[in-house]
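Chains, contacts and geometry: an overview
Here are the chains, one letter per residue:
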Amino acid sequence: MSKVWRRLQRVGKTAYKFDFTIKVHTVTLECVSGWTPNQVSILWVRRGRKVRTEVTSWTTMPGKDTQGVVHWQALEATMTLYMDTNSTKQKFDEKFWTLVVENVGPDGRHKALATKRINMGEFADPSLLPHESKQKYRMKPVARKVHLTELAVTFISKFERQGPAIDDDMRSVTSEMSAMTFGGFEDGYMSENEYEFENEANKEENEQIMKEIAAIGADFRQLSSFNEEPAAGTASSPSGGGCLARNSSNENNNNKQSNGVTSHQEMLIAWSRKETSGYKDISIEDLTDSWADGAAFCAIIYKYCPDLIKMSQLKDPYSNVKQATKAAVSLGLSPSIDPLDFHKGRLDELSILTFVDQLYQQFKTETP
């Protein structure tokens, strides 16, 4: 549910891909008397994605047995940030990564000493020149043997490219990977599930997502025109002509009352069935399996915009959905479906319902 909700939140937004570098200058640790770290590393993590430094020694400060300093090489990762370019704020959505100072024991196991959650959107600059920002943080100790941890770093962001948020090639490479390791260490890493701070962050995010979903539930159920019948007309496959529908009007019919989501779903199924009735291989019975190969999306768009869809080139679910979403973007829509989900057989009813409703609102007043 959280993945679907995050994707829906990106509708209408622009994706910006950045290469980030974190130069860790110094980390100062103050520990309890009689204990010092064996060796130290730094982890940069977001959910299952992680980048680690090489393990390094901890150097005690002269005359201060409980304080020490460590120095590291840079951490690097590619990530995608999102922005609503139509908003007056022109600010990137929050994307939190966590920096973790770790003690590496003689057995090679990593245990967190201190953490700091950082919003990477604050350090991104979509200009052609690399953007640098020096920061100094006091981290949160998560081990009883650590009293104080201070971190001095420089964030460097290099803008790569931008595009619609729905394009799968705008995703971060790290988004497709469960883990990344650097420095030649393949074993001995503790699972992210063993880090309490990461579980708490995910729990807070999921709770916030559920609150937002509940808040819009009433508005979603009050969508108008749910029970109107589609206008009569030809249902055969159209031919020729340019795109006849470029007006993405979302006006509500205020003199009609909604009968709820179920009624709206039934109306969308009936409308989609009528719009695709000329195709023997397309049968619309629901808002999940009937759309699995993506052909129905293409057929609806082709009926009104034959110049945007090539029905003779329909292939696999991924290619079909990609063709449909690109056509929708050219119409000014922001598709809520992801070609990769259809490729992997992950059909989400809410995402499909939302996209079908977008097509309905786009074409309901047009004549093919």
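Residues numbered from 1 in each chain as written. Predicted model: local features only at pLDDT ≥ 70, side-chain atom pairs only at ≥ 80, totals over all residues. Heavy atoms only, no water.

1. So, the overall build of the chain
What the chain contains, in helices and strands, is 7 helices and 11 strands. For the chain, buried positions account for 47% of its 368 residues. For the chain, the proportion of contacts with a sequence separation of at least 24, taken over those separated by at least 6, is 71%. Accessible area of the chain: about 18,600 Å², with a carbon and sulfur share of 47%. (Helix = DSSP H or I, 4+ residues; strand = E, 2+ residues; numbered from the N terminus. Buried < 20%, exposed > 50% of the residue type's maximum accessible area, 1.4 Å probe, protein only. Contact = heavy atoms within 4.5 Å. Areas by Shrake-Rupley, 256 points an atom, 1.4 Å probe, with all protein chains shown as cover.)

2. Brief notes about the pattern of salt bridges
Counted by the stated rule, this structure contains 6 salt bridges. The shortest N-O distance in the salt bridge between Lys-303 and Glu-275 comes to 3.5 Å. In this pair, Lys-303 is assigned in helix α4 (residues 295–304) and Glu-275 in helix α3 (residues 261–275), connecting sequence segments 28 residues apart. Where Asp-341 meets Arg-346, a salt bridge forms, and the shortest distance between an N and an O atom there is 2.8 Å. Judged by relative accessible area, Arg-346 falls into the partly exposed class, the value being 35%. Look at the salt bridges and you will find they share partners, linking Lys-274, Glu-275 and Lys-303 into a network. (Salt bridge = Lys/Arg side-chain N within 4 Å of Asp/Glu carboxyl O.)

3. Focus on helix α5 (residues 317–330)
Taking 1.5 Å as the rise per residue, α5 with 14 residues should run 20 Å; its terminal C-alpha atoms sit 20 Å apart, in good agreement. Elements that come into contact with the buried residues of α5 comprise α4, α6 (339–343) and α7 (349–363). A distance of 3.1 Å separates the backbone nitrogen of Tyr-318 from a side-chain oxygen at the start of α5, and that oxygen is part of Asp-316. Backbone geometry just downstream of α5 places Gly-332 in the positive-phi region, at approximately 90°. (Expected span 1.5 Å × (residues − 1). Polar contact = N/O pair within 3.5 Å; in protein donor to acceptor, adjacent residues only side chain to side chain.)

4. Re the packing of α4 against α7
Here α4 crosses α7 at 10°, and the two axes come no closer than 11 Å. Classed by the angle they form, the pair α4 and α7 counts as roughly parallel. Facing α4, whose interface residues are Phe-297, Ile-300, Ile-301 and Tyr-304, α7 presents Ile-352, Phe-355, Val-356, Leu-359 and Phe-363. (Axes fitted to C-alpha atoms, helices over the stretch in contact; angles between N-to-C directions. Parallel < 35°, antiparallel > 145°, perpendicular 65-115°, else oblique.)

5. Here's the deal with the pairing of strand β7 (residues 96–104)
Burial runs high along β7: 8 of the 9 residues are buried. As paired strands, strand β2 (residues 39–46) and β7 are joined by 7 bridges and run antiparallel to one another. Residue pairing in the sheet places Val-45 in a bridge with Thr-98 of β7. Here 9 bridges tie β7 to strand β8 (residues 110–119), and the two strands are oriented antiparallel to one another. Bridged to Val-104 within β8 is His-110. Hairpin connection between β7 and β8: a loop of 5 residues separates the two successive antiparallel strands, and Gly-108 in this loop has a positive phi of roughly 85°. (Pairing = 2+ DSSP bridges.)

6. Regarding the packing of aromatic side chains
Taken as a whole and judged by the stated rule, the model has 13 aromatic pairs. Ring centres of Trp-44 and Trp-97 lie 5.0 Å apart, and the angle between their planes is 50°; this geometry places the pair in the tilted category. In this pair, Trp-44 sits in strand β2 while Trp-97 sits in strand β7, placing the two residues 53 residues apart along the sequence. We note that Trp-44, like Trp-97, is buried. Among the aromatic residues, those joined into a cluster by ring pairs are Tyr-16, Phe-18, Phe-20, Phe-92 and Phe-159. Above the face of the Phe-96 ring, Arg-117 is positioned so that its terminal group lies 4.5 Å from the ring centre. (Phe/Tyr/Trp six-rings, centres within 6.5 Å; stacked < 30°, edge-to-face > 60°. Lys NZ or Arg CZ within 6 Å of the ring centre and 35° of its normal.)

7. Focus on the environment of Phe-92
Mapped onto the elements of the fold, Phe-92 is located in the loop between β6 (74–83) and β7. Relative accessible area serves as the criterion here: at 7%, Phe-92 is assigned to the buried category. In this structure Phe-92 touches Tyr-16, Phe-18, Leu-81, Tyr-82, Met-83, Gly-121, Ala-124 and Pro-126, once residues within four positions along its chain are discounted.

8. Quick word on the confidence of the model for the chain
Confidence in the prediction of the chain, expressed as mean pLDDT, is 75, and 69% of residues score 70 or more. Mean pLDDT values over the elements of the chain span from 52, in helix α2 (residues 196–221), up to 95, in α4. Considering only residues more than four positions removed or in separate chains, one finds that residues 173–194, a stretch of pLDDT under 50, has 43 contacts. In the model, residues 218–240 has pLDDT below 50 throughout and makes 50 contacts with residues more than four positions away in sequence or in other chains. (pLDDT = per-residue confidence, 0-100.)

9. Section: the sheet that holds β2
Reading across from one edge, β3-β2-β7-β8-β10 is the order of the 5 strands in this open sheet, with antiparallel pairing throughout. Edge strands, defined here as strands with exactly one partner in the open sheet, are β3 (49–52) and β10 (140–141). Across 4 bridges, β2 lies against β3 in antiparallel orientation. Looking at β3, one finds that Val-45 is bridged to Lys-50.

10. Description of the nonpolar core
Core analysis: the largest hydrophobic core is formed by 39 residues, its most contacted members being Phe-20, Val-27, Ile-42, Trp-44, Leu-99 and Leu-151. Not counting residues up to four positions away in its chain, the partners in contact with Val-27 are Ile-42, Gly-68, Val-69, Val-70, Trp-72, Val-101, Thr-149, Glu-150 and Leu-151. The next biggest cluster of nonpolar side chains, apart from the first, holds 36 residues, and it includes Ile-300, Tyr-302, Ile-309 and Ile-337. (Core = buried A, V, L, I, M, F, W, Y, C linked by side-chain atoms within 4.5 Å.)

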